[in-house]
Every structure is written in C-alpha cells, then in structure tokens.
Amino acid sequence: MTKSTTDSRARERAEVQQRDVASARSAPRYGRLVSWIVVLVIAANLSWLVATNPNFEWHVVLEWFTEGSVLKGLQVTLGLTVVSMILGTLLGLLLAVARLSDNRLLRGLSGLYIWFFRGTPLLVQLIFWYNMSTLFPNITLGIPFGGPLFASWNTNDLITPLTAAIAGLALNEAAYMAEIIRAGLQSVDSGQVETTQAFGMSRARALRRIIIPQAMRSIIPPTGNQLISMIKATSLVSVIAMGDLLYSVQSIYNRTFEVIPMLMVAVIWYLFITSILNVGQSAIERYYSRGVRRTVTVARRRAPPDSKTTPIINRPLVRKEDL
C-alpha cells in the first residue's frame, strides 16, 4: 500500500468524522445572545426601579395584602367568575346549537341575542340591570295584553347588586361562548355527523357522545381566554356597589388616600389568579390534544426516508475502491 493511498484513506476517515451527526455543532448565534442580554438588562432595570421607588409604598401593600376586607372581596370576585362562567357556558351551548339548527326561527333568535349582547358594552348592561326597577317597577307573571296575573314581585327585591352582576356577566358571556362553541362544533369533520346519523343516533346523543368531545380541542383554548377575561371583567361590578376585589380596595383608599399601594394589592391578586388559570388551561389543552400529538409523532416515525431529501451527512460514503 503506497503512502498516497494511506493519506487518501486518512483524509476520507477525517471527512467521515466531520460529517458524523454526533460531532455536529450548530453555528453560534450571536444576534440571539445579544438580544437576550439586552432584554435581561432592561427587565432588571425596570424591576429595580419598581422595587426601589418609594411612591409604591410596598410596606403598605404588604400590610393590606391579606387584610380581611380584601380577602372577602377576592372571594366575591372568584364566586362571580365561577357562577357567571358556568351559566354563560351552558346558555352559550344552547345558543350555539340553535345557531346551527335547521329551524330558521331558532337561528334568528340566537343570532339576534348574540348581535345585541356583543354589540353593547358590558358596563352599560350592568348599569341597565342594576336600574331595572326604573323601567319595570314590578315583574309580573301572567297572560299578556291585559290577561290575568298569576304572580307579581317588586323589582328592587329581585334585582340586587348580586343578581344584577350575575345576570349582566352571564348573559354577556353567553354571547361570546356561543360563537366559540359554534366554531368548535363546526371544526369537527362532517363525516362524524354522517356516521352518527348512519348509526341512528339522535342529535342530542351525537352531540354529547361524539361531536362535543372532539370539538373540545378547539373550544378549550378560547374558553380559557374567556375565563381569564371574566376574572378581569368582574372589576366592572364595582360601579353598581358590588363588593368585589376592586370595590374593596377602593373603599380602603377612599379612607386612607393610599391609592397606588391599594391598586397594587388588586393588581397582584389579579396577576396571581390569572397565572394559576394559565397553568390549568395549559394542562387541559395538553389533555385534549394528546391524541393529535401522538398521531403526529407516530407519523413522523413511520415516514419513509426520501433519498432526495436525505441530508448528505446521513448518506453512505462511496469510495472508488468499493466500485
């Protein structure tokens, strides 16, 4: 074996080692590193300014953060969110089914409801509900157009700040949830609906057993966003004297004149709650998308190699001596 042949094979082995994936290294990305450094410096500077600014009065924030009235307002906020979201989702489901119905009357009534409640501000709706007694001093149950009355109630006894808040939040939320659920139901392949009809399943059972479970993957993300929006929307009930979190801190700073610290108490509580909801939303999304992720993974593993798209580092090295 000549020296030139030995040198040639040594160079070939060196080239194979250089082409080996195990020893491959990506090129350094200096631009990304610089951007990280800039962002971290700006974030650290802002954190330092907020932490050392005496106008925030962090000792006052710490003093009132777990005060009894604040925690009571927090409970009201969470309660309003849960009740209004449940009622809004159930009513939104009925509206979505009616919107997709073959009955023209149901479609029209559902569309009219969604048009009205999405077209008017939530704050205006809350004020209208709270002042319902101005329009209708009494709420009656009977035959219309002068017929006999079966029951009558004083509107002020029925429409309290609590009922006005629940009615305003739930009815407004139902209009948005109807569109979210409708989009989720329409995302299910039409073949699934035809299959349920071929098996003789009723529409209600097909929705409950087949269509809605598959639509949840499309419904969950925007529903989580709506839940987080509902947490923040409850702050609007403070205008009707509902003792939520914002109303509680407003009552305190109206006495102590410590506006900024008390607002920071509310801000921190809102951020804490929404952070927990973000984690829960991510877990639920992973649960409902587990089948899709598994299908994509299996498809990638079973994909046949394509010689045209196979990178050169994975191709076998052909030498002249092997020909």
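Right above here is the structure, for reference.
Residues numbered from 1 in each chain as written. Predicted model: local features only at pLDDT ≥ 70, side-chain atom pairs only at ≥ 80, totals over all residues. Heavy atoms only, no water.

Trainee: Can you explain helix 13 (residues 259-288)? Please cite residues and give values.
Mentor: Spanning 30 residues, helix 13 covers 43 Å between terminal C-alpha atoms, matching the ideal 44 Å at 1.5 Å per step. Within helix 13 the residues assigned to the buried category are Pro261, Met262, Met264, Val265, Ala266, Trp269, Tyr270, Ile273, Thr274 and Gln281. Taken together, the buried residues of helix 13 touch helix 3 (58-64), helix 4 (68-99), helix 11 (203-233) and helix 12 (245-256). (Helix = DSSP H or I, 4+ residues; strand = E, 2+ residues; numbered from the N terminus. Expected span 1.5 Å × (residues − 1). Buried < 20%, exposed > 50% of the residue type's maximum accessible area, 1.4 Å probe, protein only. Contact = heavy atoms within 4.5 Å.)

Trainee: Before we move on, could you go through the nonpolar core and cite the residues and values that matter?
Mentor: Within the largest apolar cluster, 24 residues are counted, with the highest numbers of intra-cluster contacts made by Leu169 and Val237. Of all elements in the fold, only helix 4, helix 6 (122-130), helix 9 (161-186) and helix 11 reach the threshold of two or more residues within this core. No other element matches helix 9, which puts seven residues into this core. In contact with Leu169, other than residues within four places in its own chain, are Leu80, Ser84, Leu122, Leu126, Met230, Ala233, Thr234 and Val237. If you look at the next biggest cluster of nonpolar residues, it comprises 19 residues, including Val60, Trp64, Leu74 and Ile252. (Core = buried A, V, L, I, M, F, W, Y, C linked by side-chain atoms within 4.5 Å.)

Trainee: Any details on the packing of helix 4 against helix 12? Residues and values, ideally.
Mentor: Where helix 4 meets helix 12, the axes come as close as 7 Å, and the angle between the chain directions of the two elements is 155°. Considered as vectors, helix 4 and helix 12 are oriented roughly antiparallel to each other. When helix 4 is examined against helix 12, the residues Ser69, Val70, Gly73, Leu74 and Thr77 are found in contact with a partner set consisting of Leu245, Ser248, Val249 and Ile252. Grouping the constituent residues of the contact of helix 4 with helix 12 by class yields five nonpolar, four polar and no charged. (Axes fitted to C-alpha atoms, helices over the stretch in contact; angles between N-to-C directions. Parallel < 35°, antiparallel > 145°, perpendicular 65-115°, else oblique. Nonpolar A, V, L, I, M, F, W, Y, C, P; charged D, E, K, R; others polar.)

Trainee: How would you explain the packing of aromatic side chains if you had to name every residue and give the values?
Mentor: Summed over the entire model, instances satisfying the criterion amount to five aromatic pairs. Considering the side-chain rings of Phe56 and Trp58, the 5.3 Å spacing of their centres and the 15° angle between planes classify their relative orientation as stacked. Here the aromatic rings of Trp269 and Phe272 are separated by 6.0 Å at their centres, their planes lie at 80°, and the arrangement is edge-to-face. Highlighted residues: Trp269 and Phe272, both in helix 13, separated by three residues, approximately one helical turn. For Trp269, a relative accessible area of 12% puts it in the buried group. (Phe/Tyr/Trp six-rings, centres within 6.5 Å; stacked < 30°, edge-to-face > 60°.)

Just geometry here; none of it tells us what the structure is for.
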